[in-house]
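# What the coordinates show
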Amino acid sequence: MVTQFLKPDEQGLALAAELLKGGSVVGFPTETVYGLGANALDGEAVKRIYEAKGRPGDNPLIVHISDLSELRPLISVEPDEKALRMMKAFWPGPLTMIFPKSDLIPNEVSAGLDTVGIRFPSHPVAQEMIRRAGVPIAAPSANRSGRPSPTTARHVLEDMDGRVPLILDGGACAVGVESTVVDMTGETPRVLRPGGVTAEQIAAVAGSSLVDDAVLRPLGEGEQPRSPGMKYKHYAPTGELTIVTGDPEQVGKYIANCYDEAVSAGRKPLILALDGNAAIYGDRNVRLLGKDAAEMAHSLFALLRDADTLGADVLFSEAVEATGVGLAVMNRLGRAAAFRIVEV
Ligand code: TXA
Ligand code: MG
């Protein structure tokens, strides 16, 4: 298969709509990360997403809409007051809400669950593409399974060249980590995957919110997570990554020391540092995460991909506090490190 790489202009969008209507898969930008879209109402089309990604069949997909009016037919309940307030506050935007699904949603989307995650993205290209396709679009992140999510169209091409007919290049994604996934089927909105919309913001709008406790720790042996995606190895660079937390100066000393030992042992280490701490490392090999959690969300996945390209075989990363967007960042970084965290 030849993969076309087009700007989302008139020609690009028209081809995307035609391909989606014909049951094909298209790579496209959203404000969080790039997605791999197909007609969410067509089980055969959705199967092609799993094939392109190499995704396990028991991991459900998020359904993307381009207007609030598209929501109700996809779910089997009337959204309650809390859900309505959250839609008003956060849609369009980086929030996915899980509801009981209607019969319109094929099993290929829900992976056998009786629920479906719905998201109304704010990216104008995503909205226009869904509108033109005329159907809701099922879309996971556009990476090969296990790789960091793509935040540029080039990343999508790295993973999907020859596997999908079209990638729309809409530039770099603004948020950089995937949407916040919130289970709306219980009394209290429960964050299953933290993202750009924070648990604190949800609590302010809905009255309260819970954060699933599997967000900042590895799953136990045989544990069934509420979100199937949590059980898969994710975002992991090839090199072994360790997160170091604590007083910034101590963290710097500790990491510099580990780095020097790794060099002596003939290894190829790489440091991921916050801007404010970078000077400590002198001329060691450092990549900058940004100055705070929001900038780190924006840069993290690209840096993890870079680490592989550079051939780093051991990585040390600084950390941010796990609140607000920092929770999303530490969830992704933690999983990339298999939760290898050293406190100094
Ligand atoms: O920002 C995003 O959400 C991106 C863009 C493309 O919209 N999409 C994305 O999809 O990150 P994906 O498939 O890479 O991650 C979806 C996560 C998975 O961990 C999956 O297990 C979970 O959401 N999920 C989807 N439907 C679910 C459901 N019905 N119940 C529980 N978890 C669900
Ligand atoms: Mg993903």
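Look up: the structure comes first, before these words.
Keep in mind that this is a model prediction, so the values were computed, not measured.

## Digging into the sheet that holds strand 14 (residues 286-290)
In space, the 5 strands of this open sheet follow the order 14-13-15-12-16, with parallel pairing throughout. At either margin of the open sheet sits one strand with a lone partner, and together these are strand 14 and strand 16 (341-343). Neighbour-to-neighbour, the strand axes of the sheet open up by a mean angle of 25°, direction not taken into account. Where strand 13 (residues 269-274) lies against strand 15 (residues 314-317), 4 bridges are found, and the strand directions are parallel. In the sheet register, L272 faces strand 15, and the bridge partner there is S317. Across the sheet, helix 8 (residues 248-264) touches strand 12 (240-245), strand 13, strand 15 and strand 16, and the angle it forms with strand 13 is around 165°.

## A short note on the packing of helix 3 (residues 81-90) against helix 7 (residues 199-206)
The geometry of helix 3 relative to helix 7 is characterised by a closest axis approach of 9 Å and an angle of 125° between their N-to-C directions. Between helix 3 and helix 7, the angle is such that the two are oblique. Here helix 3 and helix 7 pass one another in a crossing that is right-handed. Only Q201, I202, V205 and A206 of helix 7 make contact with helix 3, whose side of the interface consists of K82, R85, M86, A89 and F90.

About the cut-offs
Residues numbered from 1 in each chain as written. Chains lettered and ligands numbered in written order. Predicted model: local features only at pLDDT ≥ 70, side-chain atom pairs only at ≥ 80, totals over all residues. Heavy atoms only, no water. Pairing = 2+ DSSP bridges. Helix = DSSP H or I, 4+ residues; strand = E, 2+ residues; numbered from the N terminus. Axes fitted to C-alpha atoms, helices over the stretch in contact; angles between N-to-C directions. Contact = heavy atoms within 4.5 Å. Parallel < 35°, antiparallel > 145°, perpendicular 65-115°, else oblique. Left-handed = near helix turned anticlockwise from the far one by under 90°.

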